[in-house]
Each structure stands twice: as C-alpha cells, then as structure tokens.
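# Examining the three-dimensional arrangement
Each chain, written out:
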Amino acid sequence: MNAPVTAHPCNGIHHHEYLETVIDSVGDGVIVISREGDITLFNPAAEEISGFSRRQAIGSPFERLFAMERALIEMASKTIRTGITISDHENVVVRSTGKVKPVAVTCYPLIRSSGESIGAILTLKDITYIRELEATVRQADRLSTLGTLAAGLAHEVKNPLGGIKGAAQLLERELGQGNELCEYTGVMIRETERIDHIIRELLELASPRGLNMQPVNLHKILGDILLLQKQAVADRNIACVSQFDPSIPDIMADEALLTRLFLNLVRNALDAMGEDGQLTVTSRVLSDYRMAQNERHSRMVAVEVADDGPGIPGEDLENIWTPFFSTKSTGTGLGLTICHKIVAEHRGMIKVESDPGHGTTFTVLLPLVQ
Ligand SMILES: Nc1ncnc2c1ncn2[C@@H]1O[C@H](COP(=O)(O)OP(=O)(O)O)[C@@H](O)[C@H]1O
Ligand SMILES: [Mg+2]
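The shown structure was predicted, so the numbers you read here are calculated from the model rather than taken from an experiment.

About the criteria used
- Note that residues are indexed from 1 along each chain, following the sequence as it is written.
- Think of it this way: whatever chain is written first is A, whatever ligand is written first is 1, and the rest follow in order.
- Residue-level local features of this predicted model are given only where pLDDT is at least 70; pairs of side-chain atoms are given and counted only at 80 or more, and the full residue set underlies all totals for whole chains, interfaces and linings.
- Secondary structure elements follow DSSP: runs of H or I of four or more residues count as helices, runs of E of two or more count as strands, with numbering from the N terminus.
- For a compact globule the rule gives 2.2 Å times the number of residues to the power 0.38, and the radius of gyration it is set against comes from C-alpha atoms.
- The burial label depends on the number of other C-beta atoms within 10 Å of a residue's C-beta. Counts of 20 or more mean buried, 12 or fewer mean exposed, and intermediate counts mean partly exposed, with C-beta atoms placed from the backbone.
- Two residues form a contact once the distance between their C-beta atoms, set from the backbone, is within 7 Å.
- Where each domain starts and ends follows an automatic or database-derived domain assignment.
- Nonpolar cores are built from buried Ala, Val, Leu, Ile, Met, Phe, Trp, Tyr and Cys residues. These are joined into a set through C-beta atoms within 7 Å.
- DSSP bridges decide pairing: two strands pair if at least two such bridges lie between them.
- Using a C-beta atom placed from the backbone, a residue is scored as near a molecule or strand whenever that atom is within 6 Å of it.
- Think of it as three bins: nonpolar holds Ala, Val, Leu, Ile, Met, Phe, Trp, Tyr, Cys and Pro, charged holds Asp, Glu, Lys and Arg, and polar takes everything else, Gly as well.

Here we take up the overall build of the protein. Of the regular secondary structure elements, the protein holds 11 helices and 12 strands. Relative to its length of 370 residues, the protein is extended, with a C-alpha radius of gyration of 31 Å against a globular reference of 21 Å. On the principal axes, the C-alpha backbone points of the protein span a range of 110 × 50 × 45 Å. The burial tally for the protein puts 23% of its 370 residues in the buried class. Within the protein, contacts between residues separated by at least 24 positions form 60% of all contacts whose residues are at least 6 apart in sequence.

Dropping the structure here:
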C-alpha cells in the first residue's frame, strides 16, 4: 500500500540542515562533547554565553576551552563516566569577555539506541537577569518590612512626643520671656519638631493610601513650587530657569503627591547649591517611549530638575534612594525614597545623572495617560 503523499515534515530542507537549524534556534546554550572530551557541537547561544566562537570551540578539548570552569568540567566528565544526568542551577558561572555570568546547567549523557555512551550534552541558561530580579525582589521585601516596622514605631512615638513638646511649651511659658533657661526649652521644642518631621515622612512612606487621580496641570505645580522656593532662596544668588513645553496637556495624576515629588527634588537641588547657582526645570513630551520590554508603547512626559551644584559622588549614587541615607546634618534621608514611591505609584520612572563637580539632574517620566 502506498503511503499518502504529504508535505515533507522538514519543509523541504535537508534533514541534517533541519536538525542544525533546530539546535541553533534553541535559546539556551547547547554544547555537545564526545567521549574523548572534544567539543563536537556549539550553538549560537553557547557562543553568546561563553564568548567563544563556534570556530574556536569545535574540535577543541572541552577541558582546555573551559579550563577556568572546574564545576562545568567535573559535571561533564561525571556524566560521560557514569551516564547520569546532572543539574546545577545555583553554583556555576561562566567567565566570558571579562564578565562573570551565573548559569543554570544541565548535563545529559549522549547515548545511542544500542546503549553505547558517546559523550554528553550540556545546556547552559544565562540567569543573570533572574539573579538581578531576585535581588530587586529582596530589596523590595526588605523595604516593605522596614516600612511596616517604621509605621508601627512612628505611631508609638507620636503621642509621647506630643506630650514632651506640650510640656516644654508650658515650661517655657512658666519661665517667662527672657529667662535664660528658655534656651533649653527652645532646644527641646526644636528637637521634638525635628523628630515629628521625620515621623511624618516615615508615615507618608509606609502608609498605604489610594491615589486621588485627577487631570493635573504640571506646569502650574512646577510654577507654584518655583515661585515659593525662589522666595526661600532670595538671600542667595540663585537663578531659577524654567523651560516648559506648552503642548503638554493635563495629565492624570495625584496633584498633592506630584507637588510633594517636585518640591523634594527642587529642595534637594537648592540644598546642593552654594551662594551662586542655577536651577533649571524642563518639561517635554517623549513620544513612543518604551517603559520596559513587553510593555505597551506609551507617551510620557519628562520633567527634569537640574542644578549646577557639586554633584553626587559615584559611591553615593546607589544609596540616595535608600531610606535614611543623607549627607546633610539635618536631613532625614527620606525625601528621595518618597519621590521614588510616588513615581512608582504613577507608573513612571525616576532617574538621576550626576557629574561630580558639574551638577545633578533628576528626570521624572510620567505617562501622559494612566
Ligand atoms: N541635587 C542634588 N545634588 C547633590 N546631592 C543630592 C541631590 N539630591 C539628593 N542628593 C543627595 O541624596 C541624599 C538623599 O536625599 P533625600 O532622600 O532627599 O534626603 P535629605 O534631603 O533629607 O538628605 C542627600 O542627602 C544628598 O546627599
Ligand atoms: Mg531631600
């Protein structure tokens, strides 16, 4: 009986070429090693992970090419010796072109249908991205635990603090104006106010709250902040420049939170500058800005707050978002943590660029449409 004529399953491609295409298309690195330990197959993903080209790899002894990676060599030789499959998703790294990449590895025995072992197949998955993601999640976990703890503490401290401040004010009144002991009650009142400020910021950070989304005129917010802050620095020689793109429409946002956000950034900029300086606030529309891979294209508004102060030293850059990181004697170190949270709640992004000696620019990206 004749088999019905069907399309060739390999789409007309020669069988050998077909298999090669399949292996080359696998996103994980695939390396095949002969019984003698020589590399017989090396796909493009393996080139990418290892930094070796296929030409360098094929025919080379695996042990020589991967001489630095003892863990890999041991896995391969054990699989060839014993015929068992070995996986390691934790401990293996591949050093390629100066970088150390964490990889998840599985090593399968290569066995003919007759049962004869003819080598091993290694699959390597680059897990750099997964590791980074894990680190971010750990950081977020830590922050949220910290937040809960801080909120609890803040509530506990708030009432007794009010009591202390009230008592100090009473005492001050009893002492009467001009009494030299008022210097001490003054310190007590000032310091309780300072603690109160920290606690209010902490509560702001830790308390879950809904967003009050409304059409918001960004330029009005920014203009008001600049107007107010200009008065605060009237005794210094600081120029406030604003460059707004008039085509920006109202955006859906929480006005109180955005005010808080830009006020924090402007205050930081003014804190950073000395007697002379220039603060520049710019707004523009970025069309088709892509937030992250897989996320829909969306139009974003970019607001930049730039100063020409001393800048942020490289070693501090990664710490500025951390709660309580402050280089100021009276800082709380919560301002930027709050900014970060507000931006995230608006599904935006905030980034910083700093050139020590030349100033700092904070850029906030907010979606035009939520
Ligand atoms: N524009 C800026 N220029 C220089 N350093 C800055 C600027 N903005 C923030 N920083 C640094 O980041 C730190 C954290 O800022 P922030 O979270 O607002 O806390 P705080 O202002 O209370 O110190 C500041 O203490 C400062 O060292
Ligand atoms: Mg601040």
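Positionally, glutamine 278 belongs in strand 9 (residues 276–289). Spatially, the C-alpha atom of glutamine 278 lies 25 Å from that of asparagine 319, the residues being 41 residues apart in sequence. Look past the residues within four positions of glutamine 278 in its chain and what remains in contact with it is Ala239, Val241 and Asp308.

With domains assigned, the protein is organised as domain 1 (15–126), domain 2 (128–208) and domain 3 (212–370). Centre-to-centre, using C-alpha coordinates, domain 1 lies 57 Å away from domain 2.

Right, let's get into the nonpolar core. Ranked by internal contacts, the top residues of the largest apolar core, which has 31 residues, are Leu261, Phe262, Leu265, Val266, Ala269 and Val305. Contributions of two or more residues to this core are made by helix 8 (218–232), strand 8 (251–254), helix 9 (255–272), strand 9, strand 10 (298–307), helix 11 (335–345) and strand 12 (359–367). At 8 residues, helix 9 tops the list of elements feeding residues into this core. When residues no more than four places from it in sequence are discounted, the contact partners of phenylalanine 262 are Ile221, Leu222, Ile225 and Val305. Formed by 23 residues, the second largest nonpolar core is a distinct cluster that contains Ile49, Phe52, Ala76 and Val94.

On to the pairing of strand 12, then. Pairing analysis gives 7 bridges linking strand 11 (residues 349–355) to strand 12, with the strands arranged antiparallel. Within strand 12, the residue paired with serine 354 across the bridge is threonine 360.

On to the site of ligand 1, then. Close to ligand 1 lie 20 residues; Ala272, Ser326, Gly331, Gly335 and Leu336 are nearest. Put simply, the parts of the chain that give the shell around ligand 1 at least two residues each are helix 9 and helix 11. Per-element accounting of the shell around ligand 1 gives the leading share, 4 residues, to helix 9. A breakdown of the residues in the shell around ligand 1 according to their chemical character gives 7 nonpolar, 11 polar and 2 charged.

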